[in-house]
Amino acid sequence: MTSEQQRSLRIAYSPCPNDTFVFDALAHGRVPGAPALDVTFADIDLTNGMAERGEFDVLKVSYAVLPYVLDEYALLPCGGALGRGCGPLVLTREAGARAFGSGGLTGRTVAVPSEKSTAYLLFRLWAAETLPGGIGEIVVMPFHEIMPAVRDGKVDAGLVIHEARFTYQNYGLHKLADMGEHWERTTGLPIPLGAIIAKRSLGAETLTRLAESVRASVRAAWDDPEASRPYVMAHAQEMDPAVADQHIGLYVNEFTADLGEDGYAAIRGLLTRAAAEGLVPALGPGALSFP
């Protein structure tokens, strides 16, 4: 075994329940034969930047950042987040047509968690197809600040992700549009959200072993969900356990165990459409190949 295989792999993923659920067994040495992990927690807007700088061996990133990093990193065929009925939402203070009248979001400020996120790509693709007048100013802010900013009138609308799907009504906000519903209706494909990537320099053997270990960690979590609960709740930022369970139920699914044909089609579809709109660079041939 080489020194590359023996050393711990530096990995960064979010403290969100889906990531801690997926990686619990692997991070705690309960997957036989798996590489050891040196775990750092960071929200996805930070891990996207880490990937662009090549700072970690393994990262959870947004699919939107793949075109910028696939020369150095390979996309793992498992461990990520795709799904149905789990897309980002555009929220406003007023309901439906009362929000802005016939003008929609034209000239309005919209808060987004990142301009290199799948949520942002889905939003821009939705806007290109449904808002002929375009949108106004994009304001980037941490996702936990978006709903209060919409509520307090600091921005006109907000693009939210993850557990905000379950909690936005607590802020008195209303759903203007569901980016996932639009994506699924127009493509028939699942929504590609978060990807697991690993440095190609690790070599095919280590990459394959890592992918197998991630799959085993997912299966272990499904087989005994209670085993992961302490790890999940320790990092869930005071989230209600029922919300954490909803979060896991949405984002950990068949595509987490294996991307499969539909998963890869969704990723190619998103990035091809986004490249056509000038939002990301075009993927090169074989960019999504593994290992």
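Up top is the structure.
Predicted, not measured: the structure shown is a model, and the values here were computed from it.

What counts and what doesn't
- Residues numbered from 1 in each chain as written.
- Predicted model: local features only at pLDDT ≥ 70, side-chain atom pairs only at ≥ 80, totals over all residues.
- Heavy atoms only, no water.
- Phe/Tyr/Trp six-rings, centres within 6.5 Å; stacked < 30°, edge-to-face > 60°.
- Helix = DSSP H or I, 4+ residues; strand = E, 2+ residues; numbered from the N terminus.
- Buried < 20%, exposed > 50% of the residue type's maximum accessible area, 1.4 Å probe, protein only.
- Lys NZ or Arg CZ within 6 Å of the ring centre and 35° of its normal.
- Contact = heavy atoms within 4.5 Å.
- Pairing = 2+ DSSP bridges.
- Axes fitted to C-alpha atoms, helices over the stretch in contact; angles between N-to-C directions.
- Arc of directions from axis to C-beta.
- Core = buried A, V, L, I, M, F, W, Y, C linked by side-chain atoms within 4.5 Å.

1. Quick word on the packing of aromatic side chains
Turning to step 1, where the next piece is worked out: Tallying each qualifying case throughout the model produces four aromatic pairs.
Turning to step 2, where the next piece is worked out: When the ring of F41 is compared with that of Y231, the centres are 6.1 Å apart and the planes differ by 55°; the resulting orientation is tilted. Separated by 190 residues along the polypeptide, F41 in strand β2 (residues 37-41) and Y231 in helix α10 (residues 225-234) bring together distant segments of the chain.
Turning to step 3, where the next piece is worked out: Overall, the relative accessible area of 11% leaves Y231 in the buried class.
Turning to step 4, where the next piece is worked out: Put simply, the rings of Y13, F23, F41 and Y231 touch in pairs and so form one group of aromatic residues.
Turning to step 5, where the next piece is worked out: The ring of Y68 carries the charged tip of K116 above its face, separated from the ring centre by 4.0 Å.

2. Thoughts on the environment of A257
Turning to step 1, where the next piece is worked out: Its place among the elements puts A257 in helix α12 (residues 254-257).
Turning to step 2, where the next piece is worked out: Among residues more than four places away in sequence, those in contact with A257 are P77, C78, R215 and W222.

3. Re helix α3 (residues 44-53)
Turning to step 1, where the next piece is worked out: Those residues of α3 that fall on the buried side of the exposure criterion are T47, N48, G49, M50 and A51.
Turning to step 2, where the next piece is worked out: For α3, the secondary structure elements touched by its buried residues are β1 (9-13), β3 (58-62), α4 (66-69), β4 (73-75) and β11 (191-199).
Turning to step 3, where the next piece is worked out: Backbone geometry just downstream of α3 places G54 in the positive-phi region, at approximately 65°.

4. A closer look at the sheet that holds strand β7 (residues 110-112)
Turning to step 1, where the next piece is worked out: On the basis of which strands lie adjacent, the open sheet formed by five strands has the order β8-β7-β9-β6-β10 and mixed pairing. The open sheet has two edge strands, β8 (138-140) and β10 (174-178), and neither has a second partner. Each strand axis lies, on average, 30° off the axis of its neighbour in the sheet, ignoring direction.
Turning to step 2, where the next piece is worked out: Alignment of β7 against β8, held across three bridges, turns out to be parallel. Counted as the bridge partner of V112 is V140 from β8.
Turning to step 3, where the next piece is worked out: Contacts from helix α6 (residues 143-151) reach β6 (89-92), β7 and β9 (157-160) within the one sheet, and its direction differs from that of β9 by about 155°.

5. Overview of unusual backbone geometry
Turning to step 1, where the next piece is worked out: Cis geometry marks the peptide bond from F290 to P291; its omega dihedral reads -5°.
Turning to step 2, where the next piece is worked out: Mapping P291 onto the fold places it in the segment after α13 (260-276).

6. A look at α10
Turning to step 1, where the next piece is worked out: Of the residues making up α10, those classed as buried are S228, Y231 and V232. For α10, the angular spread of buried residues about the axis comes to 100°, placing them on one side. Opposite the buried face of α10, by more than 90 degrees, sit the exposed residues P230 and A234.
Turning to step 2, where the next piece is worked out: Against β1, α2 (17-27), β2 and α11 (241-251) lie the buried residues of α10.

7. Some details on the nonpolar core
Turning to step 1, where the next piece is worked out: Judged by nonpolar contacts, the single largest core of 56 residues is most densely connected at L59, Y63, L66, L75, F123, W126 and I267.
Turning to step 2, where the next piece is worked out: Looking at this core element by element, the count peaks at eight residues for helix α5 (residues 118-130).
Turning to step 3, where the next piece is worked out: Leave out the neighbours within four places in its chain, and L75 touches Y63, L66, L70, A195, I196, I197, L259, Y264, I267, L288 and F290.
Turning to step 4, where the next piece is worked out: Membership of the second largest hydrophobic core comes to 31 residues, among which are L207, V218, M239 and I248.

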